[in-house]
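Per-entry structural report
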Amino acid sequence: MENNQNFQQSFHQEADFNDAQDGVLYFAVTYLDTDCGRIRTESFDDAAAADRFASRCVAGEDGWAVVDAIPAKERRAAA
C-alpha cells in the first residue's frame, strides 16, 4: 500500500468538495489491470469510492492507479 498517495487527503486540500456534491465533478480512476495487462478507466461520483478503488488497484507490486477529478459537462436533454 505504499504506492497509494492518499488521493482523498491531497485532493481535499486542493479542491472544494461542495462541487463534487453538486454533481459538478466526477472522478476517473485510470489503472493497470494486472490480470490482462491493459490500462482501464472507471468513473465514480464519489472521491472516497474512487480512492478505495485505486487503493485496491495498487495492492500488487506492479499495480498502479491515477485518480483524476473531472468537471462534469452539462448535457442537454433530447427534445
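Scope of this entry: the structure provided in the associated data block. (Residues numbered from 1 in each chain as written. Predicted model: local features only at pLDDT ≥ 70, side-chain atom pairs only at ≥ 80, totals over all residues. Heavy atoms only, no water.)

**A look at a nonpolar patch on the surface**
- On the surface, a cluster of nonpolar side chains totalling about 270 Å² of accessible area is made up of I39, W64 and V66.
- Counting through the fold element by element, I39 comes out in strand 2 (residues 38-44). (Patch = residues over 30% accessible without salt bridge, like charges linked within 9 Å, V, L, I, M, F, W, Y side chains within 5 Å. Areas by Shrake-Rupley, 256 points an atom, 1.4 Å probe, with all protein chains shown as cover. Salt bridge = Lys/Arg side-chain N within 4 Å of Asp/Glu carboxyl O. Helix = DSSP H or I, 4+ residues; strand = E, 2+ residues; numbered from the N terminus.)

**Some thoughts on the side chain of D33**
- With respect to the secondary-structure elements, D33 resides in strand 1 (residues 25-33).
- Residue D33 is classed as buried on the basis of its relative accessible area, which comes to 17%.
- Within the structure, D33 has its side chain in polar contact with the backbone nitrogen of D35 (distance 3.1 Å).
- In this structure, D33 is in contact with R38 and R40, ignoring residues within four places of it in sequence. (Buried < 20%, exposed > 50% of the residue type's maximum accessible area, 1.4 Å probe, protein only. Polar contact = N/O pair within 3.5 Å; in protein donor to acceptor, adjacent residues only side chain to side chain. Contact = heavy atoms within 4.5 Å.)

**A few points about helix 3 (residues 47-57)**
- Of all eleven residues in helix 3, nine are buried, a share of seventy percent or more.
- For helix 3, every residue scored as buried is listed here: A47, A48, A49, A50, D51, F53, A54, S55 and C57.
- N-cap assignment for helix 3: the residue whose side-chain oxygen lies 2.9 Å from the backbone N of A48 is D46.

**Concerning the pattern of salt bridges**
- Within this structure, the stated rule accounts for one salt bridge.
- Here R40 and D33 are joined by a salt bridge, their closest N and O atoms 2.9 Å apart.

**Thoughts on the packing of aromatic side chains**
- Tallying each qualifying case throughout the model produces two aromatic pairs.
- Ring geometry for Y31 and F53: centres 5.1 Å apart, planes at 80 degrees, overall edge-to-face. You can see Y31 sitting in strand 1 and its partner F53 sitting in helix 3, a full 22 residues away along the chain. Taken as a pair, Y31 and F53 share a single burial class, namely buried.
- When the ring of F44 is compared with that of F53, the centres are 5.3 Å apart and the planes differ by 45 degrees; the resulting orientation is tilted. A single burial state applies to F44 and to F53, both of which are buried. (Phe/Tyr/Trp six-rings, centres within 6.5 Å; stacked < 30°, edge-to-face > 60°.)

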